[in-house]
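Structural overview for review
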Amino acid sequence: MALSDQEQKAGAREVLERFRQAAISQSVDDMSRVHAVDAVHEFPFTRPGLPSRLEGRDEIVNWIATGWKSYPLKFERYRTLAIHDTNDPETIIVEQEALGTSASTGEFALPNIVVLTVRNGQIAHLRDYVNILAAAAAMGGDT
């Protein structure tokens with residue numbers, strides 16, 4: 001899974017956009033390309049039955065791809081509310097909403113905050129503070 005020189009030099013904002021595009025297009029290949037082999041994806045706020053931490057590209061991408069097949073949500077775009085730089089130039093904090101359509105409930109907006117760290121143009125670490133109540137409502141269920 002070799003990245004181009006341009007992709008390897010991409011900063012956190014560019015990697016964020018590639019991650020968003022992979023989620024919108026539900027591309028397993030693109031989602032794999034955007035994650036480092038040893039990436040970590042954490043969910044500090046979760047519920048029973050859902051992971052709080054995924055380790056490694058394969059585990060992360062397999063979990064995401066399973067969700068694409070299992071859940072009625074289709075992301076169509078993201079609305080950036082704010083991006084905050086940190087003391088680490090490879091880490092940003094993003095306030096955003098994922099906007100899309102649910103087969104169960106219609107249009108939705110899922111607010112969340114992500115703390116994204118990149119290394120060599122790929123996600124090394126992502127802390128995903130997803131609003132689990134909004135996600136459950138969009139899927140037509142309870143938490």
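Residues numbered from 1 in each chain as written. Predicted model: local features only at pLDDT ≥ 70, side-chain atom pairs only at ≥ 80, totals over all residues. Heavy atoms only, no water.

Another aspect to go through is helix H2 (residues 12–25). The end-to-end C-alpha separation of H2 is 20 Å, in line with the 20 Å expected for 14 residues at 1.5 Å each. Taken as a whole, H2 has its buried residues at Ala12, Val15, Leu16, Phe19, Arg20, Ala22, Ala23 and Ile24. Glutamine 26 sits one or two residues past H2 and shows a positive phi near 50°. (Helix = DSSP H or I, 4+ residues; strand = E, 2+ residues; numbered from the N terminus. Expected span 1.5 Å × (residues − 1). Buried < 20%, exposed > 50% of the residue type's maximum accessible area, 1.4 Å probe, protein only.)

Two side chains with opposite charge may pair up if their charged atoms get near one another. By the definition in use, this model includes seven salt bridges. With a closest N to O distance of 3.1 Å, arginine 127 and glutamate 42 form a salt bridge. Here arginine 127 is found in strand E6 (residues 122–130), whereas its partner glutamate 42 is found in strand E1 (residues 35–42), with 85 residues between them in sequence. Given a relative accessible area of 29%, arginine 127 falls into the partly exposed group. With a shortest N-O distance of 2.2 Å, arginine 79 and glutamate 97 are connected by a salt bridge. Within this pair, whereas arginine 79 is found in strand E3 (residues 73–85), its partner glutamate 97 is found in strand E4 (residues 91–102), the two being separated by 18 residues in sequence. Overall, the relative accessible area of 35% leaves arginine 79 in the partly exposed class. Among the ionic contacts, a cluster of salt bridges with common partners joins Glu42, Arg53, Glu55 and Arg127. (Salt bridge = Lys/Arg side-chain N within 4 Å of Asp/Glu carboxyl O.)

Here we come to helix H4 (residues 57–70). Relative to the 20 Å expected for 14 residues at 1.5 Å per residue, H4 spans 20 Å between its end C-alpha atoms, a close match to the ideal helical length. Inspection of H4 places Arg57, Ile60, Val61, Ile64, Ala65, Gly67 and Trp68 among the buried residues, and these make up the whole buried set. Down the axis of H4, the buried set is contained in an arc of 155°. They therefore lie on one face. Across from the buried face of H4, at angles greater than 90 degrees, the exposed residues are Asp58, Asn62 and Lys69. Those residues of H4 that are buried are in contact with H2, helix H3 (28–34), E1, strand E2 (53–55) and E6. (Arc of directions from axis to C-beta. Contact = heavy atoms within 4.5 Å.)

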